[in-house]
Amino acid sequence: MSDLRSDVSHSARVWNYWLGGTDHYPVDKEVGDQILSFVPALPRSAVADRRFLARAVRYLAGEAGIRQFLDVGSGLPTADNTHEVAQRVAPEARIVYVDNDPLVLAHAHALLTSTPEGATAYVEADVRDPEAILREAARTLDLDRPVAISMLGVLNFVLDTDEAAAIVRRLLDAVPSGSHLVVSHPTTEVDGEAMAAAVEYWNGQGSAPMTLRARADLIRLLDPVELLEPGVVTCSRWRPDEAAADIVDVTHFAGVGRKP
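Parameters and conventions
- Residues numbered from 1 in each chain as written.
- Predicted model: local features only at pLDDT ≥ 70, side-chain atom pairs only at ≥ 80, totals over all residues.
- Heavy atoms only, no water.
- 1 Å grid on protein atoms, 1.4 Å probe; cavity = no way out; pocket = protein on both sides within 12 Å on 5 of 7 lines; lining within 4 Å.
- Points joined across faces, edges and corners; volume = space filled by probe spheres on them.
- Helix = DSSP H or I, 4+ residues; strand = E, 2+ residues; numbered from the N terminus.
- Nonpolar A, V, L, I, M, F, W, Y, C, P; charged D, E, K, R; others polar.
- Buried < 20%, exposed > 50% of the residue type's maximum accessible area, 1.4 Å probe, protein only.
- Contact = heavy atoms within 4.5 Å.

Caption draft 1: Examining empty space enclosed by the protein more closely. Inspection of every chain in the model, using the stated rule, returns one cavity of 30 Å³ or more. Estimates place the volume of the largest cavity at around 60 Å³. Lining of the largest cavity is provided by 14 residues; of these, S74, G75, P77, N81 and Y97 occupy positions nearest its centre. Looking at the lining of the largest cavity, the elements with two or more residues in it are helix 3 (42-61) and helix 5 (102-111). Residues of the lining of the largest cavity, tallied by class, amount to eight nonpolar, four polar and two charged.

As structure tokens, this is what we get:
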């Protein structure tokens, strides 16, 4: 297990701060506030991203009939975690969470509890090690049956787009037709200059470096799957519950696709 660092900010804890949670350290609040000085609307993106996840999982467990979920880069538990949304629809659903932060690990074991019919498990692994992810996930999931792989706000920590695309392909190669891929990613499409400044600050203060990508890059990452409507869009506009007039574009874009 990696060392628990309270003196260096971590993306999962900053995200938790923006979502109004309490599972963060003073350094995370300090860094989070500094980033908000560049992009004040980022908490709105954080909320929209979580709501997108809930809508996507609800669709996958419902209309698509998926019963297995691999949540890579799960972050700290908050409201409507993947297993909660999936098991409300299908109590027998099985979910594996993947992250590489010890604080996330501790909270996951304490809070991510399954229904009696289903299962949840936690894997400590890095997104850059898909073999380890698959090996450990196979202890809980049947990889011969369809799996929904979600990668929200994690591929941005793989700086090289070729490497990110290769990771996506490797994970998808291990699961059968009918599996799905769910991706969200911070982009240059909304508040591009401000987002670039925020990322430059983030990368300069000692945390895991990240990158922004354009919509075309995200389409490339989703290339192995058949994109569902409405394609790759700002995550607030992926099959929203509210009226179009009430939707605000956010800095994270998202897409969902089905492996043919």
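Caption draft 2: Structural view of the layout of surface pockets. Volume-wise, the second largest pocket comes out at about 180 Å³. In this structure, the second largest pocket is lined by R44, V47, A48, R51, R55, S236, D241, E242, D246, I247, V248 and V250. Looking at side-chain class alone, the lining of the second largest pocket contains five nonpolar, one polar and six charged residues.

Caption draft 3: Representation of the environment of A54 within the structure. With respect to the helices, strands and loops of the structure, A54 is situated in helix 3. Residue A54 is classed as buried on the basis of its relative accessible area, which comes to 7%. Taking the C-alpha atoms as reference points, A54 and D80, separated by 26 residues in sequence, lie 6.5 Å from one another. In contact with A54, other than residues within four places in its own chain, are D80 and V85.

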